[in-house]
Amino acid sequence: MIHHPAFDAEFDAHHRFPMSKFTRLAQILVEDGVVAPDGFHIPAPALPGWLRLAHDPLYVDQVLFTAVPPAIEKAIGFKVDERVAMRSRCATGGTVLAAKLALADGLACNTAGGSHHSHRSGGAGFSVFNDVAVATSVLLADGDVGQVLVVDCDVHQGDGTARIFAENPRVFTLSIHAAKNYPTEKANSDLDVPLADGTGDAAYLEALGAVLAEATRRSWPEIVFYNAGVDPHAEDRLGRLALSDTGLGERDRTVIGFFRDRNIPVACVVGGGYSRDIEALSRRHTILHRVAREFE
């Protein structure tokens, strides 16, 4: 389990992006005994060289020196100041660390990450750096793995990740998402599963179960990055699907169990989740970490 206090850039409580959920998520995991006090692995901020493996060097420098053009900040959805830049580096560092720990121990979970709308030349959709794309690129560059599978179950398509790796045969992208949700212009993942509005637990799990074997057969991964966004939940403010808490838990259990049964390491990120009720939203995000503990 990985956490850093900088994951929370301390936005105003009325901001559309529920930033405080990252602090509360970690608190709940400790309060409920899922993680021991002082039990989190604390990541270092992502190195600039790591970021440049997945992003245009100009854009990386714009973030690091807080000089992101207004048009890109508008696409992201908030100003990229020093606090946001550090948050983005730490969240990305957390996903790199999750990947390294997963390779060593089989399974690791970040308490942030999943910023999958950020593409090579800029951010978008509350995503500054694409942490999974950066971590994947680091592992490939270091020779730690030769094949990577990204399983993206956020309610929004993982368009940035798909575009970054569109020409890379060593990375296979699977996205299961609401067909009519953001982004309006979809990318081409290696395998896309668009779902109709209102899809509930049973239909979602059936669709998911049908594609995990196919994605694995087509990619032969040495590690899986799992984006466990909770925005497919019926009560999510920006979702269009209708999963329950139980359905989210079974989704996480299905994905993690499928790959752990095959001895394939899994690095988990929390992905999206949107609600004014920070307590309920944060608890929803802890479902991933609680399910992961079942595999110890």
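Bear in mind the structure is a predicted one, so any value in this text is a computation, not a measurement. (Residues numbered from 1 in each chain as written. Predicted model: local features only at pLDDT ≥ 70, side-chain atom pairs only at ≥ 80, totals over all residues. Heavy atoms only, no water.)

Colleague: Explanation requested: the nonpolar core in the structure shown.
Modeller: Core analysis: the biggest nonpolar cluster contains 96 residues, and Val128, Val151, Phe225, Tyr226 and Phe259 have the highest contact counts within it. Ranked by residues supplied to this core, first place goes to helix α5 (residues 82-105) with nine residues. With near-sequence residues (within four places) excluded, Phe259 lies in contact with Leu149, Val151, Leu212, Thr216, Val224, Ile264 and Val266. (Core = buried A, V, L, I, M, F, W, Y, C linked by side-chain atoms within 4.5 Å. Buried < 20%, exposed > 50% of the residue type's maximum accessible area, 1.4 Å probe, protein only. Helix = DSSP H or I, 4+ residues; strand = E, 2+ residues; numbered from the N terminus. Contact = heavy atoms within 4.5 Å.)

Colleague: Any chance you could explain the sheet that holds strand β3 (residues 171-178) here in plain terms?
Modeller: Two orientations exist for strands paired in a sheet by backbone hydrogen bonds: parallel and antiparallel. Strand order in the open sheet formed by six strands is β1-β6-β5-β2-β3-β4, and the pairing between neighbours is parallel. For this open sheet the edge positions go to β1 (107-109) and β4 (191-195), each flanked by a neighbour on one side alone. Shown here is a sheet whose adjacent strand axes are inclined to one another by a mean of 10°, direction ignored. As paired strands, β3 and β4 are joined by five bridges and run parallel to one another. Each residue of the ladder has a partner; that of His177, found in β4, is Pro194. (Pairing = 2+ DSSP bridges. Axes fitted to C-alpha atoms, helices over the stretch in contact; angles between N-to-C directions.)

Colleague: It is not clear to me how helix α8 (residues 201-219) should be interpreted in this structure. Could you clarify?
Modeller: What sets the pattern is the α-helix's 3.6 residues per turn: residues three or four places apart point alike. With 19 residues, α8 extends 27 Å from end C-alpha to end C-alpha; this agrees with the ideal 27 Å at 1.5 Å per step. Listed as buried for α8 are Tyr204, Ala207, Leu208, Val211, Leu212, Ala215, Thr216 and Ser219. Of the residues trailing α8, Trp220 is marked for its positive phi of about 45°. (Expected span 1.5 Å × (residues − 1).)

Colleague: How should the pattern of salt bridges be read in this particular structure?
Modeller: Pairs can form between side chains of opposite charge once their charged atoms are near each other. Overall, the coordinates contain 18 salt bridges when judged by the stated rule. The closest approach of N and O atoms between Arg284 and Glu235, which form a salt bridge, is 3.6 Å. Of the two residues, Arg284 is situated in helix α10 (residues 278-293) and Glu235 in the loop between β5 (223-227) and α9 (245-260); the sequence distance between them amounts to 49 residues. Taking relative accessible area as the criterion, Arg284 reaches 6% and is therefore assigned buried. Overall, the relative accessible area of 59% leaves Glu235 in the exposed class. We note a salt bridge from Glu250 to Arg253, for which the minimum N-O separation is 3.0 Å. In this pair, Glu250 and Arg253 are both assigned in helix α9, three residues apart and thus about one turn of the helix distant. Judged by its relative accessible area of 28%, Arg253 is partly exposed. Among the ionic contacts, a cluster of salt bridges with common partners joins Arg24, Glu31, Asp32, Glu279, Arg283 and Arg290. (Salt bridge = Lys/Arg side-chain N within 4 Å of Asp/Glu carboxyl O.)

Colleague: For this particular structure, what's the right way to read the packing of aromatic side chains?
Modeller: Given two aromatic rings, their pairing is described by the distance between the two centres and the angle made by the two planes. Taken as a whole and assessed by the stated rule, the structure comprises ten aromatic pairs. Here the aromatic rings of Phe11 and Phe78 are separated by 5.1 Å at their centres, their planes lie at 70°, and the arrangement is edge-to-face. Highlighted residues: Phe11 in the segment before α1 (21-31) and Phe78 in the loop between α4 (70-76) and α5, separated in sequence by 67 residues. The ring centre of Phe22 lies 4.6 Å from the NZ or CZ of Arg87, which sits over that ring. Sitting over the ring of Phe258, Arg262 keeps its end group 3.6 Å from the ring centre. (Phe/Tyr/Trp six-rings, centres within 6.5 Å; stacked < 30°, edge-to-face > 60°. Lys NZ or Arg CZ within 6 Å of the ring centre and 35° of its normal.)

Colleague: Looking at this structure, how should I read the pairing of β3?
Modeller: On a regular strand, each side chain points to the face opposite its neighbour's, so the side chains alternate between the two faces of the sheet. Counting buried positions over the eight residues of β3 gives eight, a clear majority of the element. Direction of pairing for strand β2 (residues 148-152) relative to β3: parallel, over a ladder of five bridges. Residue pairing for β3: Leu149 is matched across the bridge by Phe172. Where the polypeptide runs from β2 across helix α7 (residues 159-164) and back to β3, its parallel neighbour, the crossover connection is right-handed. (Right-handed = clockwise from strand over helix to strand, strands pointing away.)

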